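What follows is the residue order along each chain.
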Amino acid sequence: MNNLSENTILNQALKKQEEKDLKGAFELYKKVLEINPSHLEALSNIGNILYFVKNYKDAIDCFKKIYNKDERNQNALNKLGLIFFNSGDYLLALKYFYKLKEINPDYPFLRYNLACILKSKKILDLKIKNFLLLKKLFIYLFENNDVNHDSLSKNALNFITEYDISKIKIENYNSILSNNIIKNILNEKLFLLILQKSLITEIFLEKILVKIRHEILISLFDNSKIKLINYKKFVISLAEQCWLNEFIWKLSKEEEDLIDNLKLRIDGKKTFDELEISVLGCYSPLNGIKKLSILKNKISNDNLFNDLIKIQVLDFEKESKLKKTIKLFGNIENTLSKKVRKQYEENPYPRWRNFNQLISTIEFKSDLDAQIYPNKIDLDKEFDSPNILLAGCGTGQHLMELTRYRNAKILAVDLSLSSIAYAKRKVEELNLKNIEFLQADILELGKLKKRFDIIESAGTLHHMKDPEKGLENLLTLLKKNGLLRLGLYSKIARSEIIKFRDNLDINNSSNNFDNIKNLREEIIHTKENNSKNRIIFNRDFYSTSNLRDLLFHVHEHQFTIPEIIKIINYYNLDFLGFVFANKLIKQNYLKFFKDDVKNINLENWNKFEIDNPNTFISMYQFWVKKK
């Protein structure tokens, strides 16, 4: 009877919870526990409810009871990890997540949650006493490809070795490979993974890698090849890093001559030497090899070498084929549009490998609420299955965020065919659906017959001669009550960058690849000053397409918040809120403007930016609604 009663009550509780009557479900689960205090499902569901209403103290007690009864209970481990993460106790969170990882490394959202913790600067405070735990977790994340490794690499570099490699004086070594610390690092699994999957943005490490690359190249020509075999994995990893940074590191005259000789040596052989190919891949893309057909059909026993051939040869070939499948809408006739297109054809922006893939899709409304928090708006049912236009999709990094939305249909548009082909390749690799691509100028988009519930255009309008004309075209395509997210450069936040760029010796020929590398080298060797540091600490300094976008763009317009206010008023739009990756910005804003509980008073935001000029260092990212 007790068992029957227990099951009956449990089923009633489950039904209440399904109907979102959390209070009723909670009381019924408590009755189940009165009958059977060890009922794990009831305990777990009570814990889930307590977690949902943010009663973390009681939720911890509940999940610890479950854990004490069943140390392999995955839900309990996950929830304990999440609770301690949300409470700011990162170490305990990581310990529970690590236990979960050991039981089920593919638990939903585990890698995403770990990545959210491990990218925080607070992690470095845990280094001394928890070095091995953190290193294992970084390796785990870098071994998987459903994580944005770029967001982790800066912290992960601190866990390659306990020795501070930034203190190594490379000028003291004729052969940097003779340094035992360096030799050990070159065989470190975590270091190799970082090189393969994320952009190095540390100038001291770049200098070390440039010197090692030089030494390895010389070794190919002085019969030191046997020694180099021990560094093959590192050489391939370095070649993948150089692909990621688009070969931005400057070459010496000696290296240029040796590379010419290496190409002749490779072209003169009937068979390929994987080490020689990999060294060449550290200096120039392998899709330029004359015997390309042989190379692309080569299958190696070394999976890492196969990966190098994929990213430097096969992906390039795939993109070339995909270009033929992408339709051109209208004409690209505007003089500036042609110049912008040329830039991104030459350097598709940005080059990337992986991103945070969530296992389940999410509702657009809940994500919008999170973006514009503490503001919140009601949406019509159309937004349950939204038609979305991404105007300026680039290589698809932004597009990946939109693919999370449940039942979304997306049209991705860009000027650059090379950029779209890159994005389409990534979409096909990930088997993503409901995405169409179109090559078009925003100035031509007004002729589209489709209308959209949502339009996103970040980093596009400010590269147009007349940004408002572009905005007008987008608003024509937006349905009544539709939502528009814009990303525009801030004149205040970019003032130092603009000043620095104006002081550079830049002319129309500076977009030449060699000129960009030469000017970059000059920046590295100029005396320390605030402007230089601002540029060198910017991650855009570390790859060709990023640097070209930062300092050498063919056209850039910056905005101020008063200008944005005028635009919003002129086009009769509702401002819904700014979007920040850093939640602390809105918290700080509220300290000064407590009455603006929705954070949507743009006059106040203007005052805040004047006092905090780095607030919009990336861009103004914000949502508006069409009335």
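First, a word on scope: everything that follows refers to the structure included in this document.

Criteria and cut-off values
- Residues numbered from 1 in each chain as written.
- Predicted model: local features only at pLDDT ≥ 70, side-chain atom pairs only at ≥ 80, totals over all residues.
- Heavy atoms only, no water.
- Helix = DSSP H or I, 4+ residues; strand = E, 2+ residues; numbered from the N terminus.
- Rg over C-alpha atoms; globule rule 2.2 N^0.38 Å.
- Contact = heavy atoms within 4.5 Å.
- Areas by Shrake-Rupley, 256 points an atom, 1.4 Å probe, with all protein chains shown as cover.
- Lys, Arg positive; Asp, Glu negative; His and termini not counted.
- Charge placed at Lys NZ, Arg CZ, Asp CG, Glu CD.
- Pairing = 2+ DSSP bridges.
- Salt bridge = Lys/Arg side-chain N within 4 Å of Asp/Glu carboxyl O.
- Buried < 20%, exposed > 50% of the residue type's maximum accessible area, 1.4 Å probe, protein only.
- Axes fitted to C-alpha atoms, helices over the stretch in contact; angles between N-to-C directions.
- Parallel < 35°, antiparallel > 145°, perpendicular 65-115°, else oblique.
- Left-handed = near helix turned anticlockwise from the far one by under 90°.
- Phe/Tyr/Trp six-rings, centres within 6.5 Å; stacked < 30°, edge-to-face > 60°.
- Polar contact = N/O pair within 3.5 Å; in protein donor to acceptor, adjacent residues only side chain to side chain.
- Nonpolar A, V, L, I, M, F, W, Y, C, P; charged D, E, K, R; others polar.
- Right-handed = clockwise from strand over helix to strand, strands pointing away.

## As for the overall build of the protein chain
Each helix and strand in the protein chain was counted, giving 31 helices and eight strands. Here the C-alpha atoms of the protein chain give a radius of gyration of 27 Å, agreeing with the 25 Å that 2.2 N^0.38 yields for 627 residues. Its C-alpha atoms put the protein chain at 85 × 60 × 50 Å along the principal axes. Partitioning the contacts of the protein chain with sequence separation of at least 6, the portion at a separation of at least 24 is 72%. Carbon and sulfur atoms make up 49% of the accessible area of the protein chain, which amounts to about 30,300 Å² in all. Of the charged side chains in the protein chain, 99 are positive and 81 negative; the average position of the first set lies 1 Å away from that of the second.

## Side note on the environment of alanine 115
Assignment of secondary structure puts alanine 115 in helix α7 (residues 110–118). Along the chain, alanine 115 and leucine 137 lie 22 residues apart, while their C-alpha atoms are 9.3 Å from each other. Residue contacts for alanine 115: discarding those within four places in its chain leaves Leu141, Val147 and Leu152.

## Here's the deal with the sheet that holds strand β7 (residues 573–578)
Hydrogen bonds between backbone atoms are what pair the strands of a sheet, whose relative direction is either parallel or antiparallel. Strand order in the open sheet formed by eight strands is β1-β4-β3-β2-β5-β6-β8-β7, with mixed pairing between adjacent strands. The open sheet has two edge strands with one neighbour each: β1 (327–328) and β7. Across five bridges, strand β3 (residues 409–414) lies against strand β4 (residues 435–439) in parallel orientation. For aspartate 414, the partnering residue across the bridge sits in β4 and is glutamine 439.

## Some details on the pattern of salt bridges
As enumerated under the stated definition, the model contains 35 salt bridges in all. Two residues, arginine 425 and aspartate 315, come together in a salt bridge whose shortest N-O distance is 3.1 Å. In this pair, arginine 425 is assigned in helix α22 (residues 417–429) and aspartate 315 in helix α18 (residues 303–323), connecting sequence segments 110 residues apart. Its relative accessible area of 6% is what places aspartate 315 among the buried residues. Among the charged side chains, a salt-bridge network with shared partners connects Lys310, Asp315, Glu319, Arg425, Lys426 and Glu429.

## Some words on the packing of helix α6 (residues 90–103) against helix α8 (residues 127–143)
Interhelical geometry of α6 versus α8 gives an angle of 55° and a closest axis separation of 11 Å. With respect to each other, α6 and α8 are oriented oblique. When you trace α6 past α8, the crossing you get is left-handed. Contacts between α6 and α8 pair Leu91, Leu94, Lys95, Tyr98 and Lys101 from the former with Asn130, Leu133, Leu134, Lys136, Leu137 and Tyr140 from the latter.

## A look at the packing of aromatic side chains
Think of a pair of aromatic rings as described by two things: how far the centres are apart, and how the planes are tilted against each other in angle. Counted under the stated rule, the structure contains 30 aromatic pairs. With a centroid separation of 5.7 Å and an interplanar angle of 75°, the aromatic rings of tyrosine 589 and phenylalanine 608 are classed as edge-to-face. One end of the pair, tyrosine 589, is in helix α30 (residues 584–592); the other, phenylalanine 608, is in helix α31 (residues 602–611), and 19 residues separate them in sequence. Both residues of the pair, tyrosine 589 and phenylalanine 608, count as buried. With a centroid separation of 6.1 Å and 65° between ring planes, the pair formed by tryptophan 605 and phenylalanine 616 is classed as edge-to-face. Of this pair, tryptophan 605 sits in helix α31 while phenylalanine 616 sits in the loop between α31 and β8 (620–626), and the two are eleven residues apart along the sequence. Residue tryptophan 605 is classed as buried on the basis of its relative accessible area of 0%. Taken together, Phe575, Phe578, Phe580, Tyr589, Phe592, Phe593, Trp605, Phe608, Phe616, Tyr620 and Phe622 form an aromatic cluster joined through their ring pairs.

## A word on the side chain of serine 457
Tracing the chain through its elements places serine 457 in strand β5 (residues 452–458). Using a relative accessible area of 0% as the deciding quantity, one classes serine 457 as buried. Separated by 3.0 Å, the side chain of serine 457 and the backbone oxygen of alanine 391 make a polar contact. Setting aside chain neighbours within four positions, we find serine 457 in contact with Ala391, Ile442, Leu474, Arg485, Leu486 and Gly487.

## A word on the environment of glycine 470
When you line up the elements, glycine 470 lands in helix α24 (residues 467–477). Each C-alpha atom of the pair glycine 470 and leucine 443 lies 5.8 Å from the other, and the pair is 27 residues apart in sequence. Leaving out residues up to four positions away in the same chain, glycine 470 has contacts with Ile442, Leu461 and Met464.

## Considerations on the packing of helix α12 (residues 203–220) against helix α14 (residues 232–244)
Across the interface, α12 lies against α14 with an axial gap of 12 Å and an inter-helix angle of 125°. The orientation of α12 relative to α14 falls into the category oblique. Our pair here, α12 against α14, has a crossing hand that is left-handed. Residues Leu209, Ile212, Arg213 and Ile216 of α12 form the contact with α14, whose participating residues are Phe234, Val235, Leu238 and Cys242. The residue inventory of the contact of α12 with α14, partitioned by class, reads seven nonpolar, no polar and one charged.

## Some thoughts on helix α11 (residues 189–197)
Taken across its nine residues, α11 has eight buried, putting it largely inside the fold. Among all positions of α11, only Leu190, Phe191, Leu192, Leu193, Ile194, Leu195, Gln196 and Lys197 are buried. Contacts from the buried residues of α11 go to α8, α9 (153–156), α10 (180–185), α12, α14 and α18.

## Points about the pairing of β5
With seven of seven residues buried, β5 is to be regarded as a mostly interior element. Of the pairings in the sheet, the one linking strand β2 (residues 387–391) to β5 comprises three bridges and is parallel in character. Within β5, the residue paired with isoleucine 388 across the bridge is isoleucine 454. In this sheet, strand β6 (residues 478–488) lies alongside β5 in parallel orientation, the contact comprising six bridges. Looking at β6, one finds that alanine 458 is bridged to glycine 487.

## Description of the pairing of β4
Of all five residues that make up β4, four are buried, and the element is covered over most of its length. Bridging between β1 and β4 involves two bridges; their strand directions are parallel. Residue leucine 328 lies in a different strand from β4, and its bridge partner there is glutamine 439. Traced from β3 through α22 to β4, the parallel crossover comes out right-handed.

## With respect to unusual backbone geometry
At the junction of tyrosine 349 and proline 350, the peptide bond is cis and its omega measures out at -10° in the coordinates. For proline 350, the position within the fold is in the loop between α19 (335–346) and α20 (364–372). Tyrosine 373 connects to proline 374 through a cis peptide bond whose omega is 10°. Along the chain, the position of proline 374 falls in the loop between α20 and β2.

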